[in-house]
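# Observations on the model geometry
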Amino acid sequence: MSEKSKLIGLAYITETNDPLKVFADIVCYCLYKIPETERNVQNLSERVSTEFGFRMPAFLIENCINYLRREGYITIRENLMKLNRCSIQLSEFEHRRTMYQENEDKVLQSLVE
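Okay, so let's go over this structure.

With that settled, the discussion passes to the packing of helix α3 (residues 41–52) against helix α4 (residues 58–70). One can describe the packing of α3 onto α4 by two numbers: an axis separation of 11 Å at closest approach and a directional angle of 110 degrees. Taken together, the axis directions place α3 and α4 in an arrangement best described as roughly perpendicular. Across the interface between the two elements, V41, L44 and S45 from α3 touch I61, E62 and I65 from α4. Among the residues forming the contact of α3 with α4, the class breakdown is 4 nonpolar, 1 polar and 1 charged.

One can find S45 in helix α3. A distance of 3.4 Å separates the side chain of S45 from the side chain of R55, its partner in a polar contact.

Let us look at the packing of aromatic side chains. In total, this model carries 5 aromatic pairs according to the counting rule given. Each ring, one from F23 and one from F54, has its centre 6.4 Å from the other, and the planes form 85 degrees; the classification is edge-to-face. Of the two residues, F23 sits in helix α2 (residues 19–33) while F54 sits in the loop between α3 and α4, which places them 31 residues apart along the sequence. On the basis of relative accessible area, F23 is assigned to the buried category, the value being 16%. Judged by its relative accessible area of 17%, F54 is buried. Both rings, one in Y29 and one in F52, keep their centres 6.1 Å apart while their planes meet at 75 degrees; by these two values the pair is edge-to-face. One end of the pair, Y29, is in helix α2; the other, F52, is in helix α3, with 23 residues separating them in the sequence. The class of Y29 is buried, set by a relative accessible area of 3%. Here the aromatic residues F23, Y29, F52, F54 and F93 are joined through ring pairs into a cluster of three or more.

It is worth spelling out the environment of T50 at this point. Its place among the elements puts T50 in helix α3. Take T50: its relative accessible area is 56%, and that puts it in the exposed class. Taking the C-alpha atoms as reference points, T50 and C30, 20 residues apart in sequence, are found 9.4 Å from one another.

Cut-off values and rules
- Residues numbered from 1 in each chain as written.
- Predicted model: local features only at pLDDT ≥ 70, side-chain atom pairs only at ≥ 80, totals over all residues.
- Heavy atoms only, no water.
- Axes fitted to C-alpha atoms, helices over the stretch in contact; angles between N-to-C directions.
- Helix = DSSP H or I, 4+ residues; strand = E, 2+ residues; numbered from the N terminus.
- Parallel < 35°, antiparallel > 145°, perpendicular 65-115°, else oblique.
- Contact = heavy atoms within 4.5 Å.
- Nonpolar A, V, L, I, M, F, W, Y, C, P; charged D, E, K, R; others polar.
- Polar contact = N/O pair within 3.5 Å; in protein donor to acceptor, adjacent residues only side chain to side chain.
- Phe/Tyr/Trp six-rings, centres within 6.5 Å; stacked < 30°, edge-to-face > 60°.
- Buried < 20%, exposed > 50% of the residue type's maximum accessible area, 1.4 Å probe, protein only.

Okay, here's the thing in structure tokens:
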């Protein structure tokens, strides 16, 4: 878990007014990054930590899973989650993450100089 990932994750979280939607988007993105045969809660929790630099509490992951299932984004069979569609535009989400990272790099570089 890197400090850089944490800052990028926090930048995304602070951008919206609906915290559950933000965390559900993070969960959806992480499910997209996990191979289909490995989409369980444990791997999801680890992926959130790897991608965004923070540990999401189990109750919050469960709330996000319930939200995504209720909205039809995922289905669950035999403890594996199937991503039917994503709650976010993946290319836009990745573009914003890259933008946050570039801005963060500029800020950190200016502090070093």
